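# Architecture at a glance
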Amino acid sequence: MRTYQHPQLNTPITAIGGHYILTSEVRLPYQDREVLYLTGMAVFDTSCCGTGGASYATVPGFIEKWKYHQNDNGLAVSDVIPVTSPADQEAIRKLIKSREQVLQIDFQ
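Residues numbered from 1 in each chain as written. Predicted model: local features only at pLDDT ≥ 70, side-chain atom pairs only at ≥ 80, totals over all residues. Heavy atoms only, no water.

### A short note on the overall build of the chain
We apply this condition: A run of DSSP states H or I qualifies as a helix once it reaches four residues; a run of E qualifies as a strand once it reaches two. Both are numbered from the N-terminal end. Here, Shrake-Rupley sampling with a 1.4 Å probe gives the accessible areas, and only protein chains in the shown set may cover a residue. A positive count includes Lys and Arg, and a negative count includes Asp and Glu. His and the chain ends are not counted in either. Charge positions come from single atoms, namely NZ of Lys, CZ of Arg, CG of Asp or CD of Glu.
Scanning the chain from N- to C-terminus turns up one helix and seven strands. Mapped from its N terminus to its C terminus, the chain presents α and β elements in the order β-β-β-β-β-β-α-β. Along the first, second and third principal axes, the C-alpha set of the chain runs to 45 × 35 × 20 Å. Total accessible area computed for the chain in this model is approximately 6500 Å², and 51% of it derives from carbon and sulfur atoms. Counting 9 positive and 11 negative side-chain charges, the chain places the averaged centre of each group 3 Å from the other.

Below, the structure is given as structure tokens:
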């Protein structure tokens, strides 16, 4: 299990070739548990190689304890268990793709 700090949504974060924005946080029912995933958009607009963008999802893991604490910055904290089983990752990937228009799904 690990501690997960929930990010502030819809706030651009500058990166080397542009910026990205986390746009939603979703609790997805899966078997007898819930999976936490976030969606976002990456924008490549300060790269020397041109411009573009991509939508994505990132999966922190199975929710164990939901927003039980706030850190010193006022952000909510949850406990999650990373999804390590390849079979679970593939099933969760299919569920997310059926709900979201994302190009990439990463498991943390």
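### Digging into the packing of aromatic side chains
For clarity, the cut-off: Pairs were defined over the aromatic rings of Phe, Tyr and Trp, the Trp ring being its six-membered one, requiring ring centres within 6.5 Å. Orientation was assigned from the angle between planes: stacked under 30 degrees, edge-to-face over 60, tilted for the rest. By the criterion adopted, a ring carries a charge over it if an Arg CZ or a Lys NZ lies within 6 Å of its centre and within 35 degrees of its normal.
Enumeration over the complete set of coordinates arrives at one aromatic pair. Here arginine 27 stacks its cationic end above the ring of tryptophan 66, 4.2 Å away from the centre of that ring. The ring of phenylalanine 62 has arginine 33 lying over it, and the distance from NZ or CZ to the ring centre is 4.1 Å.

### Concerning the environment of serine 24
Defined as follows: Working definition: with a 1.4 Å probe on protein chains only, accessible area under 20% of the residue-type maximum means buried, over 50% means exposed, and in between means partly exposed. Pairs of residues are marked as contacts when any of their non-hydrogen atoms sit within 4.5 Å. For the purposes of these results, a polar contact is taken to be a pair of N or O atoms within 3.5 Å, where, inside protein, one atom must be able to donate a hydrogen and its partner to accept one; residues adjacent in sequence count only when each atom of the pair is a side-chain atom.
By the secondary structure assignment, serine 24 is in strand β3 (residues 18-30). Residue serine 24 is classed as partly exposed on the basis of its relative accessible area, which comes to 21%. Distance in space between the C-alpha atoms of serine 24 and proline 86 is 24 Å, their sequence separation being 62 residues. Ignoring any residue separated from it by four or fewer positions in sequence, one finds serine 24 in contact with Leu9, Tyr37, Leu38 and Thr39. Here the side chain of serine 24 touches threonine 39 through a polar contact of 2.4 Å, side chain to side chain.

### Section: helix α1 (residues 86-99)
Filter applied, for reference: Every helix has an expected span of 1.5 Å times one less than the residues it contains. Working definition: the arc comes from the directions between the helix axis and the C-beta atoms, pointing outward to the latter.
Under the 1.5 Å per step criterion, the end-to-end length of α1 is 20 Å for 14 residues, consistent within 8% with the ideal 20 Å. For α1, the set of buried residues is Asp88, Gln89, Ile92 and Ile96. Burial along α1 is one-sided: seen end-on, the buried residues are contained in an arc of 95 degrees. Facing away from the buried surface of α1 by more than 90 degrees, the exposed residues are Pro86, Ala87, Lys94 and Ser98.

### Describing the environment of isoleucine 63
Relative to the assigned elements, isoleucine 63 resides in strand β5 (residues 52-70). Since its relative accessible area comes to 13%, isoleucine 63 is described here as buried. Residues isoleucine 63 and serine 78 lie 15 residues apart in sequence; the distance between their C-alpha atoms is 7.5 Å. What isoleucine 63 contacts, discounting residues up to four positions off in sequence, is Arg27, Glu34, Val35, Leu36, Asp79 and Val80.

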